[in-house]
Amino acid sequence: MLENRRILLIVAGGIAAVKAPDLIRRLRERGASVRCILTKAGAHFVTPLTLAALSGDKCYQDLFDLKDEAEMGHIRLSREADIILVAPATADIMAKMVAGQADDLATTALLATDKPVMIAPSMNVMMWTHPATQANLATLKSRDVRVVGPSAGDLACGEVGNGRMAEVPEIIAALTRFFQKTEGEGPLKGLRALVTSGPTHEPIDPVRYIANRSSGKQGHAVAVALAELGASVTLVAGPTQEADPDGVNVIHVETAKQMMKACSEALPCDIAVCAAAVADWSPEKALQKMKKEPGKTPSLTLSENPDILATLSQPGPTRPQLVVGFAAETENLIENAKAKRAKKKCDWVVANDVSPGSGAFGGDSNTVHLVTGTGVESWPTLRKRAVAERLAERIATSFQRQ
Ligand code: C5P
């Protein structure tokens, strides 16, 4: 998908600029051509010589370099690309893009372009969550700027939180998805998929809630993998730290009931993958914050939540052709998964071991078994992204057979 694509990479001034050389290498390996613009601040983190050597082209830096303006003006630079990728995109360059400021080569090219733009934000967590940055992000999205990442984790500044630039494979995947979408390609082209992901929060009172440890990593990765194969994906996400994947229609919900409603509204679809860890019960919500009273222990009255997977699996005109559930088990994994498949009437169950020490909850890897109507496939321990890709491939194969 990236073969012969022309990518104008703008490297702005953040520590994640050190990932630019690897990004260029991986893009070129896939047949893309990369031309770089390095901002003044970016040059503190990575040298123009490195970018020039790896991209096999000049590294453009100065708006007022007359030779370049004669040979390669900023307008041509911004037009002779299939996409402009800003990685890392700092809070500063995002703000300038919103304001339409054009005081250097990078911002001038961004203002002068008629090509799609993708940004990979990277900054300190407080800068990322600041209302100014979030408002800028919303404005950029409303102008159709694609966004990949950021993700949560350790930040170079020593703080922990959201703001790490997406890893190189994620950026490559987002670009691939972008080009696939523009060309309407992939084996799942023309199919609609619904994916649930993350935990649900069930309020006890206005300030407290019942939750679980689901990170949403696996469900979000499934949504991305299906979109990469050309499906048109709606992701119904509970509260997670995961960024909204680019190229996927994301609906944010909090409770199981809201998740059920959003899923029903997303029908009809061809494929449903229920990866969310939906709370089984919700408490009767107190209208005011419950007060601590000496000697009194409150009790919660719980009522059962709708089972989204079982509801979607019910036979009927809107039943997706393929419904896939997840079974997180700590013992008798396969037996329990088979029982779950029968009980919920879904087509496949992805059984994953969440016993202590498996690292599945919140971790990046997963050991799963795929239980279908014809047998059980045991997959090796894989990154959640790889599990998602393999599942999406299996789904594509099953649709091709039909
Ligand atoms: O019954 P259990 O929670 O173990 O089943 C897990 C599977 O069912 C997962 O696919 C999960 O997304 C789905 N589920 C659901 N709605 C619920 C409970 C579970 O969709 N209320």
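Residues numbered from 1 in each chain as written. Predicted model: local features only at pLDDT ≥ 70, side-chain atom pairs only at ≥ 80, totals over all residues. Heavy atoms only, no water.

J.: So, the side chain of Asn352: which residues are in play, and what are the values?
T.: As for its placement among the helices and strands, Asn352 is situated in strand E18 (residues 348-353). When neighbours within four sequence positions are excluded, Asn352 is seen to be in contact with Phe326, Ala327, Ala328, Glu329, Leu333, Asn366, Thr367 and Val368. (Helix = DSSP H or I, 4+ residues; strand = E, 2+ residues; numbered from the N terminus. Contact = heavy atoms within 4.5 Å.)

J.: Account for unusual backbone geometry, with residues named and values stated.
T.: For the bond running from Gly149 to Pro150, omega is 0°, close enough to zero to count as cis. If you trace the backbone, Pro150 turns up in the loop between strand E6 (146-147) and strand E7 (151-154). Put simply, Leu267 and Pro268 share a cis peptide bond, and its omega is 0°. Checked against the element boundaries, Pro268 lands in the loop between helix H11 (256-266) and strand E14 (271-274). A positive phi angle is found at Asn332, which is not glycine, with a value near 40°. In this fold, Asn332 is placed in the loop between strand E17 (322-329) and helix H13 (333-344). A relative accessible area of 54% places Asn332 in the exposed class. In the Ramachandran plot, Lys345 falls in the positive-phi region, its phi being about 65° despite a non-glycine side chain. Take Lys345: it is sitting in the loop between H13 and E18. For Lys345, a relative accessible area of 53% puts it in the exposed group. (Buried < 20%, exposed > 50% of the residue type's maximum accessible area, 1.4 Å probe, protein only.)

J.: Residues and numbers for the state of the cysteines, please.
T.: Covalently bonding the sulfur atom of one cysteine to the sulfur atom of another cysteine gives a disulfide. Under the definition given, this model contains 0 disulfides. Just so you know, Cys269 is unpaired, no disulfide at all, and the nearest cysteine sulfur is the one on Cys263, 8.5 Å from it. Of all cysteine sulfurs in the structure, the one in Cys274 sits closest to Cys346, which takes part in no disulfide; the separation is 8.1 Å. In this structure Cys346 comes out as buried when scored by relative accessible area, which is 4%. (Disulfide = S-S within 2.5 Å.)

J.: Describe in detail the site of the ligand, supporting the description with residues and values.
T.: With respect to spatial proximity, the complete set of residues near the ligand consists of Cys274, Ala276, Val278, Asp280, Pro306, Asp307, Ile308, Leu309, Gly325, Phe326, Lys340 and Lys344. Take Leu309: an N or O atom from its main chain is 2.8 Å from an oxygen atom of the ligand. Looking at the shell around the ligand, the elements that each hand over two or more residues are helix H12 (308-313), E17 and H13. Its residues assigned to classes, the shell around the ligand shows 7 nonpolar, 1 polar and 4 charged. (Near = heavy atom within 4 Å. Polar contact = N/O pair within 3.5 Å; in protein donor to acceptor, adjacent residues only side chain to side chain. Nonpolar A, V, L, I, M, F, W, Y, C, P; charged D, E, K, R; others polar.)

J.: Tell me about the nonpolar core, and name the residues and values.
T.: A general feature of soluble globular proteins is that nonpolar side chains tend to end up buried together. If you look at the biggest cluster of nonpolar residues, it comprises 36 residues, and the most contacted ones within it are Leu188, Leu226, Val233, Val273, Leu391 and Ile395. Top contributing element to this core by residue count: helix H14 (residues 384-401), with 7 residues. Ignoring anything within four residues of it in the chain, the contact list for Val233 reads Ala193, Val195, Ala223, Leu226, Ala227, Val248 and Asn249. One finds Ile7, Leu23, Val34 and Ala166 within the second-largest nonpolar core, a separate group that totals 32 residues. (Core = buried A, V, L, I, M, F, W, Y, C linked by side-chain atoms within 4.5 Å.)

J.: Talk me through the domain arrangement of the protein; I want residue IDs and the actual numbers.
T.: By convention, interface size is frequently given as the accessible area that disappears when the constituent parts associate. Parsing the protein into structural domains produces domain 1 (6-180) and domain 2 (187-401). Placing the centre of domain 1 and that of domain 2 at their C-alpha centroids yields a distance of 33 Å. Contacts between the two partners involve 11 residues from domain 1, matched on the other side by 10 residues from domain 2. Contact between domain 1 and domain 2 buries roughly 890 Å² in total, counting both sides, with carbon and sulfur atoms accounting for 45%. (Domains from an automatic or database assignment. Buried area = accessible area lost by both parts, 1.4 Å probe.)

J.: Which residues make up the environment of Asp104, and what values do they have?
T.: Position of Asp104 relative to the elements: it lies in the loop between helix H5 (91-99) and helix H6 (105-112). Classification of Asp104 as partly exposed rests on a relative accessible area of 24%. Sequence separation between Asp104 and Phe64 is 40 residues; the distance between their C-alpha atoms is 8.8 Å. A distance of 2.5 Å separates polar atoms of two side chains, one belonging to Asp104 and the other to Thr107.

J.: Any chance you could break down the pairing of strand E1 (residues 6-11) for me, citing the residues and the numbers?
T.: When a strand is regular, its side chains alternate between the sheet's two faces. Most of E1 sits inside the fold, with 5 of its 6 residues counted as buried. Here E1 runs beside strand E2 (residues 33-38); their pairing, made up of 6 bridges, is parallel. Paired with Ile10 across the two strands is Ile37, which belongs to E2. In the sheet, E1 pairs with strand E4 (residues 83-89) via 4 bridges, with the strands oriented parallel. Bridge assignment links Ile10 to a residue of E4, and that residue is Val86. (Pairing = 2+ DSSP bridges.)

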